[in-house]
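Remarks on the overall topology
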Amino acid sequence: MSHSDAKSVQVADTSLASHRKVPLDNQELRKTGFWLNQVFMIVSTIVGVYLAAQSGLQQALTFDTYSKMEDNYYLRMSLYEELKDNIGEVEHYATEVLAKSPALQIIKDNRPPMDLYVWETMRYHPATLETPSEILTEVRRFYGKSRQLMDKAEKRNLGAAYAGEQLKLLTDHMQQNVLPALAHSAESLQQALADEGVVIGSLKELNRAD
């Protein structure tokens, strides 16, 4: 073999060697896979914690909303029962006492005391202003006007019979319009909770259990 032929063979061998694949480093692959796995685990953990927090927050907000609705239901029903009793007392006073134009002492002695515990407590209850404003206005006017008419009857600024007639008109209005509206507003809350699968009183039991 001539010198030039030997040189050609050597160049060919060198070219073939340059095209041979370099073996992969398994250690490097393992390291890369390990870190990718760690990154995926961290991301998955963060996403999982975030979703759990969001779900917990939503449940807490929903529970708070339902609790407020339940509290407002109890408040309205308590006002309804107290108001109904007071209206009945005023009506009895108007028809059985004032209508007979009795002596002044009888007018004073039979004046209904009217229980205002719920009405006065509502000043400090956070759910009060969630009660329809027109109902609160009607209740306020009833107490103010009935008190005014009874005061005038006692002071003889109005005739007893006339004051009784005005009180009867007032109680009729409350019985026919305001009491049904108040009862309906409470029932609408009860129905709204029922539509969500919540029974009135169940949330109170859960709070006591906690």
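In this text, all values refer to a predicted model and were calculated from it rather than measured experimentally. Each chain has its residues counted from 1, running along the sequence as written. Where local features are concerned, this predicted model is filtered to residues with pLDDT of at least 70; where side-chain atom pairs are given and counted, the filter is 80 or more; whole-chain, interface and lining totals use all residues. Calculated side-chain values reflect all of the structure's heavy atoms, with hydrogen atoms and water omitted.

**Some details on the packing of aromatic side chains**
- Only Phe, Tyr and Trp rings take part, Trp by its six-membered ring, and two of them pair if their centres are within 6.5 Å. Stacked means planes under 30 degrees apart, edge-to-face means over 60, and tilted covers everything else. Tallied over the entire structure, the rule returns three aromatic pairs.
- The interplanar angle of 55 degrees and the centroid separation of 5.3 Å between the aromatic rings of Phe142 and Tyr143 together place this pair among those described as tilted. Exposure class is identical for Phe142 and Tyr143. Each is buried.
- By way of ring pairs, the aromatic residues Trp119, Phe142 and Tyr143 are connected into one cluster. Whether a residue is buried, partly exposed or exposed follows from its accessible area with a 1.4 Å probe, protein chains only, as a fraction of its type maximum: under 20%, in between, or over 50%, in that order.

**A word on a negative patch on the surface**
- A surface patch of negative charge is lined by Asp85, Glu89, Asp115 and Glu120.
- Helix and strand definitions follow DSSP, with helices as H or I runs of at least four residues and strands as E runs of at least two, each counted in order from the N terminus. With respect to the helices, strands and loops of the structure, Asp115 is situated in the loop between helix H3 (104-109) and helix H4 (117-121).
- A residue is classified by how much of its surface remains accessible, and Asp115, at 48% relative accessible area, is partly exposed. Put simply, a patch holds well-exposed residues, over 30% relative accessible area, that have no salt bridge, with like charges counted together within 9 Å and Val, Leu, Ile, Met, Phe, Trp or Tyr side chains within 5 Å. Every accessible area reported is derived by Shrake-Rupley at a probe size of 1.4 Å, with residue values counting cover from the shown protein chains alone. Each reported salt bridge corresponds to a side-chain nitrogen of Lys or Arg within 4 Å of a carboxyl oxygen of Asp or Glu. Neither His nor the chain ends is counted toward charge; the positive residues are Lys and Arg and the negative residues Asp and Glu. Just so you know, the charge point we use is NZ for Lys, CZ for Arg, CG for Asp and CD for Glu.

**Describing the nonpolar core**
- Ranked by size, the top nonpolar core spans 34 residues in total, and within it Leu83, Tyr93, Leu98, Phe142, Tyr143 and Leu167 carry the most contacts.
- Contributing elements (two or more residues each) for this core: helix H2 (26-96), helix H5 (133-154) and helix H6 (160-195).
- In terms of residues, this core owes the most to one element, H6, which gives nine residues.
- A contact between two residues is defined here by any heavy atoms of the two lying within 4.5 Å. Every residue in contact with Leu98, bar those within four places of it in the chain, is listed here: Tyr93, Ile107, Ala153, Ala160, Ala161, Ala163, Gly164 and Leu167.
- Grouped together as the second largest cluster of nonpolar side chains are eight residues, Met69, Leu189, Leu193 and Ile200 included. Here the nonpolar core consists of buried residues drawn from Ala, Val, Leu, Ile, Met, Phe, Trp, Tyr and Cys, with membership extended through side-chain atoms lying within 4.5 Å.

**Section: the side chain of Asn86**
- Position of Asn86 among the secondary structure elements: in helix H2.
- Given a relative accessible area of 3%, Asn86 falls into the buried group.
- Identification of polar contacts relies on pairs of N or O atoms within 3.5 Å, with a donor-acceptor requirement for protein atoms, meaning one able to donate a hydrogen and the other able to accept it, and with residues adjacent in sequence counted only if both atoms are side-chain atoms. Of the polar contacts made by the side chain of Asn86, one reaches the side chain of Tyr143; its length is 2.9 Å.
- Among residues more than four places away in sequence, those in contact with Asn86 are Met114, Asp115, Leu116, Phe142 and Tyr143.

**Structural notes on the pattern of salt bridges**
- Scanning all chains against the criterion turns up six salt bridges.
- The partner of Lys84 in a salt bridge is Glu81, with the nearest N and O atoms 3.6 Å apart. Here Glu81 and Lys84 lie together in helix H2, a separation of three residues that amounts to about one turn.
- Residue Glu81 is classed as partly exposed on the basis of its relative accessible area, which comes to 35%.
- One salt bridge in this structure joins Glu96 and Lys100, with 4.0 Å as the shortest N-O distance.
- According to the relative accessible area criterion, Glu96 is partly exposed, its value standing at 39%.
- Since its relative accessible area comes to 58%, Lys100 is described here as exposed.
- Three or more residues are tied together by salt bridges with common partners; here these are Glu91, Lys168 and Asp172.

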